[in-house]
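Spelled out from the first residue to the last, the chains are:
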Amino acid sequence: MKDQKKELAAAIAGALENFEEDKVAQLIETPPDSAMGDYAFPCFKLAAVYHKAPQKIAEELAEKLRGNGAFADVKNVNAYVNFFMNRADVGGSVIGDVIAEGDDYGKSDVGGGRPVIVEFSSPNIAKPFHIGHIRSTVIGASLAKIYKALGYDVIRINHLGDYGTQFGKMIVAYRKWGNEEDVKREPIKTLLGYYVKFHEEAENDPSLDDEARATFTKLENGEKEEVEIWQWFREESLKEFSRVYDMLGIEFDSYAGESFYSDKMPRVEKMLEDKGLLQESEGAQIVDLSDYDMPPALIKKKDGSTLYITRDITAAIYRKETYDFYRNIYVVASQQNLHFKQLFKIIELMGYDWANQCIHVPFGMVSLEDGTMSTRKGKVVFLIDVLNKSVEKTREIIAEKNVPEELLDKTAHDVGIGAVIFQELSNNRIKDYTFSWDKVLNFDGETGPYVQYTHARCSSVLRKAGREADELLAGNITPDMSKLTGDVVYELIKAIGRFPDVVLEAGEKYEPSIITRHITDIAELFNKFYHDEHILVEDRDERLAKLAVTAATKQTIKNGLALLGIVAPDRM
């Protein structure tokens, strides 16, 4: 695709004296209103260079560039020069590239194959996979897809919470009140019941907490019975988690959780000691971070057991040694901001210059309409229930829309799951939000089903066009884009043309919602174009041009949805 901004910068620099192209490019703006042009160039900073009023410079520059065939019009308004690009050239360049590149449209090789680790989802073993986990899960999965599209070698890690004092609690609860049959029949809900009961009982009997800590210490020391129970809990939990991941279409390259690093921590503790970073405090081992306005990081408890940060330091070093990552991205809730500041600072103090390659991507918290979720109190909404309910409701809706019987189940699944993912990725990730069934399952307005339906509408138009559409997609026909002169279709073409930059921006800002909002805009523009203008008109050249825009819209929406982890159905 032609880089219009680069070509514009070259044209402007060629009309100026002693002003470099890259400096021109930095000044070029996109007007807030398309009626003001496709691009605008402010001349304020040129006043000191040419010792003229900015308005005079703009007037002279506009006069020099009016004869350039790349521009349909050049106007100067006060100190600005506004450029109206040749619409047929823009349309031909954008639409031609989308059709030629197909599923690769929006991808690039900026990553150069460099390794990027994305750690996401990371639920706790033997605890419910609840609605709160969906944020890390779908944000992380989308970022992994975005980075792969940008040419990075992506490693997706599910850093399972499969270690810690909580497992001492779970084992104690199982021994006191549990049985094997109940766990096998309904593992997560049964284990959650044990966990809740432990905390209820511990309020009246604090000795249970001591027993749980002692049990976890036995687990860390490799005691046979504790290890066997823990492994069983882990296996049963992973079976349940896999049901959710299968529904969401999410895969991982590694399930190396906290326990994976248990035999690697002594080396790291020794490194911390050798660096003079470890200090004793009331029998525990800490790293003092007061010089950096942070509380101390607890590395080892008084009883000898380790903590999250000990395992995270070990994991980061292991990942660097194993993958030599360019970026090590942690998609973890904003509640852990301090933890990651401490983690990255300790890695830096250990002398590792790659500490700045570790990135925490925080996100806001999810609460219920009647209060905050609490695993200890058993107050959660299971994610599998949300997904199943969304699919069920979708099936009821599309059954009334003449979807072929053989496609009903698959379409209900794709649209139902897409609705949940799109809802999660439609807002800025850092915002807190309240989970509401009504909002998640609302299919009207700027939603996943709306964008998916737009894709299906494009598919329907192309099916009706038959052979002509096939010839266009095969590249056997070059449409005459000068046949399209309307403002709406031009705005649609420009939005499609911005898609590769949007993907790049989403990666740079670790923000999938940038893509979500953009493909929603494309869907809205196409639907306005669809309603305002008849596509399958009698004039062949006009019809082919409109079909080309329809095909490009369909492809761009499909590619955008794919980066979010959402299927683009051809029929709805």
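Up top is the structure.
About the criteria used
Residues numbered from 1 in each chain as written. Predicted model: local features only at pLDDT ≥ 70, side-chain atom pairs only at ≥ 80, totals over all residues. Heavy atoms only, no water. Helix = DSSP H or I, 4+ residues; strand = E, 2+ residues; numbered from the N terminus. Buried < 20%, exposed > 50% of the residue type's maximum accessible area, 1.4 Å probe, protein only. Contact = heavy atoms within 4.5 Å. Areas by Shrake-Rupley, 256 points an atom, 1.4 Å probe, with all protein chains shown as cover. Salt bridge = Lys/Arg side-chain N within 4 Å of Asp/Glu carboxyl O. Pairing = 2+ DSSP bridges. Axes fitted to C-alpha atoms, helices over the stretch in contact; angles between N-to-C directions. Left-handed = near helix turned anticlockwise from the far one by under 90°. Nonpolar A, V, L, I, M, F, W, Y, C, P; charged D, E, K, R; others polar. Phe/Tyr/Trp six-rings, centres within 6.5 Å; stacked < 30°, edge-to-face > 60°. Lys NZ or Arg CZ within 6 Å of the ring centre and 35° of its normal. Parallel < 35°, antiparallel > 145°, perpendicular 65-115°, else oblique.

Engineer: I would appreciate a short explanation of the overall build of the protein chain in the present structure.
Structural biologist: Across its full length, the protein chain holds 22 helices and 12 strands. Expressed along its principal axes, the backbone C-alpha trace of the protein chain runs to roughly 85 × 65 × 40 Å. Out of the 572 residues in the protein chain, the part that is buried amounts to 54%. Here the contacts in the protein chain between residues at least 6 apart in sequence split such that 73% fall between residues at least 24 apart. Just so you have it, the protein chain exposes about 26,300 Å², and 45% of that area is on carbon and sulfur atoms.

Engineer: Would you explain the pattern of salt bridges in this entry?
Structural biologist: Working definition: two side chains of opposite charge can pair if their charged atoms are close together. Overall, the coordinates contain 39 salt bridges when judged by the stated rule. A salt bridge links Glu-63 to Arg-66; the shortest N-O distance between them is 2.9 Å. Taking relative accessible area as the criterion, Glu-63 reaches 54% and is therefore assigned exposed. Between Glu-348 and Lys-345 there is a salt bridge, with the nearest N and O atoms lying 3.4 Å from each other. Within this pair, Glu-348 and its partner Lys-345 are both found in helix α14 (residues 337-349), separated by three residues, close to a single helical turn. With relative accessibility at 44%, the residue Glu-348 sits in the partly exposed group. Counted as one network, the salt bridges with shared partners bring together Asp-38, Glu-491 and Lys-494.

Engineer: Please explain unusual backbone geometry as it appears in this structure.
Structural biologist: Both trends apply: most residues other than glycine have a negative phi, and most peptide bonds are in trans. In this model, His-51 sits at a positive phi of 55°, which is unusual for a non-glycine residue. Secondary-structure assignment places His-51 in the loop between α3 (47-50) and α4 (54-65). Judged by relative accessible area, His-51 falls into the exposed class, the value being 70%. Of note, Glu-282 is a non-glycine position whose phi angle comes to about 55°, a positive value.

Engineer: What's the story with the sheet that holds strand β10 (residues 358-361) in this structure? I'm lost.
Structural biologist: Pairing between the strands of a sheet comes from backbone hydrogen bonds, and it takes one of two forms, parallel or antiparallel. An order of β5-β4-β9-β10 is seen for the four strands of this open sheet, with the pairing classed as parallel. For this open sheet the edge positions go to β5 (153-157) and β10, each flanked by a neighbour on one side alone. Each neighbouring strand pair of the sheet contributes to a mean axis angle of 20°, computed without reference to strand direction. In terms of strand pairing, strand β4 (residues 115-119) meets strand β9 (residues 327-331) through four bridges, oriented parallel. For Val-116, the partnering residue across the bridge sits in β9 and is Arg-327. Most of the contacts of helix α6 (residues 134-149) go to β9, to which it runs at about 155°, and overall it touches β4, β5, β9 and β10.

Engineer: What should I look at first to understand the side chain of Gln-452 in this one?
Structural biologist: For Gln-452, the position within the fold is in helix α18 (residues 448-465). A residue is classified by how much of its surface remains accessible, and Gln-452, at 0% relative accessible area, is buried. Once residues lying within four places of it in the same chain are set aside, the contact partners of Gln-452 are Asp-414, Val-415, Gly-418, Leu-561, Ile-566, Val-567, Pro-569 and Met-572.

Engineer: Help me understand the pairing of strand β2 (residues 71-77) in this model?
Structural biologist: Remember that side chains alternate between the two faces of the sheet whenever the strand is regular. The pairing of β2 with strand β3 (residues 80-85) spans six bridges and is antiparallel. Its bridge partner being in β3, Lys-75 is matched across the sheet by Asn-82. Hairpin connection from β2 to β3: two residues lie between these consecutive antiparallel strands, with Asn-78 at a positive phi of about 55°.

Engineer: Would you mind going over the packing of helix α11 (residues 224-248) against helix α15 (residues 383-398) with me for this structure?
Structural biologist: When two helices pack together, their arrangement is captured by the angle between the axes and the distance separating the axes. Where α11 contacts α15, the axes come no closer than 10 Å and their chain directions differ by 35°. In this structure, the crossing between α11 and α15 has a hand that is left-handed. Every residue of α15 that contacts α11 at Arg-243, Val-244, Met-247 and Leu-248 is listed here: Leu-383, Ile-384, Leu-387, Asn-388 and Val-391. Split into classes, the residues belonging to the contact of α11 with α15 amount to seven nonpolar, one polar and one charged.

Engineer: What should I look at first to understand the environment of Leu-289 in this one?
Structural biologist: Turning to its location among the elements, Leu-289 is positioned in the loop between β7 (284-287) and β8 (297-300). Expressed as a C-alpha distance, the spacing of Leu-289 and Leu-277, which sit 12 residues apart in the sequence, is 9.6 Å. If we skip the residues at most four places from it in the chain, Leu-289 touches Met-294, Pro-295, Pro-296, Ala-297, Gln-342, Lys-345, Ile-346 and Leu-349.

Engineer: Looking at this structure, I do not really get the packing of aromatic side chains. What am I missing?
Structural biologist: Aromatic rings considered in pairs are described by the distance between their centres and by the relative angle of their planes. Throughout the structure, instances matching the rule amount to 26 aromatic pairs. For the pair Trp-232 and Phe-233, a centre-to-centre distance of 5.7 Å together with 35° between the ring planes defines the contact as tilted. When its relative accessible area of 16% is taken as the criterion, Trp-232 is described as buried. Look at Phe-233 and you get buried, because its relative accessible area is 1%. On the numbers, 4.9 Å between centres and 35° between planes, the contact of Tyr-352 with Trp-354 is tilted. Note on accessibility: Tyr-352 and Trp-354 belong to one class, buried. Against the face of Trp-177 rests Lys-197, its NZ or CZ located 5.3 Å from the ring centre. The residue whose ring lies beneath Arg-327 is Tyr-326, and the NZ or CZ to ring-centre distance is 4.5 Å.

Engineer: Looking at this structure, I do not really get the packing of helix α20 (residues 487-508) against helix α22 (residues 540-564). What am I missing?
Structural biologist: Relative to each other, α20 and α22 sit at 30°, their axes nearing to 11 Å. Viewed along their axes, α20 and α22 adopt a mutual orientation that is roughly parallel. When you trace α20 past α22, the crossing you get is left-handed. Contacts from Val-489, Leu-492, Ile-493, Ile-496, Phe-499 and Val-503 in α20 reach Val-549, Ala-552, Thr-553, Thr-556, Asn-559, Gly-560 and Leu-563 in α22.

Engineer: Sorry if this is basic, but what is going on with the side chain of Lys-546 here?
Structural biologist: Tracing the backbone through its elements, the reader meets Lys-546 in helix α22. On the accessibility criterion, Lys-546 (2% relative accessible area) is buried. Contact partners of Lys-546, with chain neighbours within four places excluded, come to Leu-484, Phe-529, Glu-533, His-534, Ile-535 and Val-537.

Engineer: Can you walk me through the sheet that holds strand β6 (residues 278-281) in this structure?
Structural biologist: Judged by pairing direction, the sheet is antiparallel, and its three strands sit side by side in the order β6-β7-β8 without closing on themselves. Looking at which strands have only one partner, the edges of the open sheet turn out to be β6 and β8. Within the sheet, the average angular offset between the axes of one strand and its neighbour, ignoring direction, is 45°. Pairing of β6 with β7, which is carried by four bridges, proceeds in the antiparallel orientation. Across the sheet, the residue bridging to Glu-280 is Gln-285, located in β7.

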